[in-house]
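Breakdown of the fold
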Amino acid sequence: MNPIVEFCMSNLSSGSHKAMEILEKDSDLDVLEYSCLGHCTLCSQEMYCLVNGERVTGDTPDELIDNVYQFIEENPMF
């Protein structure tokens, strides 16, 4: 089972789309896009995604990507 990375459409327009495009190329991740993830306050403040249901943030797309991989490494599914 691959880690699930979920993005909010509203946050994608704030710059996280670059991170999503790169993460989608990783066949070891399941990357999904939703119209809303229900974290509107966070969504309006910074780039974020959910990784296996947990919030991961970053100030830039590259930082978000790094934080996603760091989170996965520190929180193995099994």
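Residues numbered from 1 in each chain as written. Predicted model: local features only at pLDDT ≥ 70, side-chain atom pairs only at ≥ 80, totals over all residues. Heavy atoms only, no water.

Here we take up the pairing of strand 3 (residues 47-51). The buried count for strand 3 comes to five of five residues, which makes it a mostly enclosed element. Burial along strand 3 is two-sided: M47, C49 and V51 facing one way and Y48 and L50 facing the other are all buried. Sheet topology note: the strand 1 (residues 4-8)/strand 3 ladder contains two bridges and is antiparallel. Along strand 3, the bridge assignment pairs E6 with L50. Two strands pair when backbone bridges link them, and strand 3 and strand 4 (residues 54-58) are joined in this way by five bridges, in the antiparallel orientation. Residue pairing for strand 4: C49 is matched across the bridge by V56. Linkage of strand 3 to strand 4, two consecutive antiparallel strands, is achieved through a turn of two residues, within which N52 is found at a positive phi near 50°. (Buried < 20%, exposed > 50% of the residue type's maximum accessible area, 1.4 Å probe, protein only. Helix = DSSP H or I, 4+ residues; strand = E, 2+ residues; numbered from the N terminus. Pairing = 2+ DSSP bridges.)

Between helix 1 (residues 9-24) and helix 3 (residues 61-74), the least distance of the axes is 8 Å, while the angle of their chain directions is 45°. Viewed along their axes, helix 1 and helix 3 adopt a mutual orientation that is oblique. The chirality of how helix 1 crosses helix 3 is right-handed. Where helix 1 approaches helix 3, its residues G15, S16, K18, A19, I22 and L23 are matched on the opposing element by P61, L64, I65, V68 and Y69. In terms of residue class, the contact of helix 1 with helix 3 is made up of eight nonpolar, two polar and one charged. (Axes fitted to C-alpha atoms, helices over the stretch in contact; angles between N-to-C directions. Parallel < 35°, antiparallel > 145°, perpendicular 65-115°, else oblique. Left-handed = near helix turned anticlockwise from the far one by under 90°. Contact = heavy atoms within 4.5 Å. Nonpolar A, V, L, I, M, F, W, Y, C, P; charged D, E, K, R; others polar.)

What follows covers a negative patch on the surface. Together, D59, D62, E63 and D66 make up a region of like negative charge exposed at the surface. One can find E63 in helix 3. Judged by its relative accessible area of 32%, E63 falls in the partly exposed class. (Patch = residues over 30% accessible without salt bridge, like charges linked within 9 Å, V, L, I, M, F, W, Y side chains within 5 Å. Areas by Shrake-Rupley, 256 points an atom, 1.4 Å probe, with all protein chains shown as cover. Salt bridge = Lys/Arg side-chain N within 4 Å of Asp/Glu carboxyl O. Lys, Arg positive; Asp, Glu negative; His and termini not counted. Charge placed at Lys NZ, Arg CZ, Asp CG, Glu CD.)

Our focus in this paragraph is the confidence of the model for the protein chain. Per-residue confidence for the protein chain gives a mean pLDDT of 92; residues scoring 70 or more make up 99%. Averaged over each element, pLDDT in the protein chain is lowest for helix 2 (residues 40-45) (83) and highest for helix 3 (97). (pLDDT = per-residue confidence, 0-100.)

Following the criterion strictly, the structure yields zero disulfides and no others. Not engaged in a disulfide, the cysteine C8 finds its nearest cysteine sulfur in C43; these two sulfurs lie 4.0 Å apart. What makes C8 buried here is its relative accessible area of 3%. (Disulfide = S-S within 2.5 Å.)

The next point concerns the side chain of E6. In this structure, E6 sits in strand 1. Despite being buried, E6 has no salt bridge partner; R55 is the closest side chain of opposite charge, sitting 11 Å away. E6 has contacts with L32, Y34, L37, C49, L50 and G53, leaving out every residue within four places of it along the chain.

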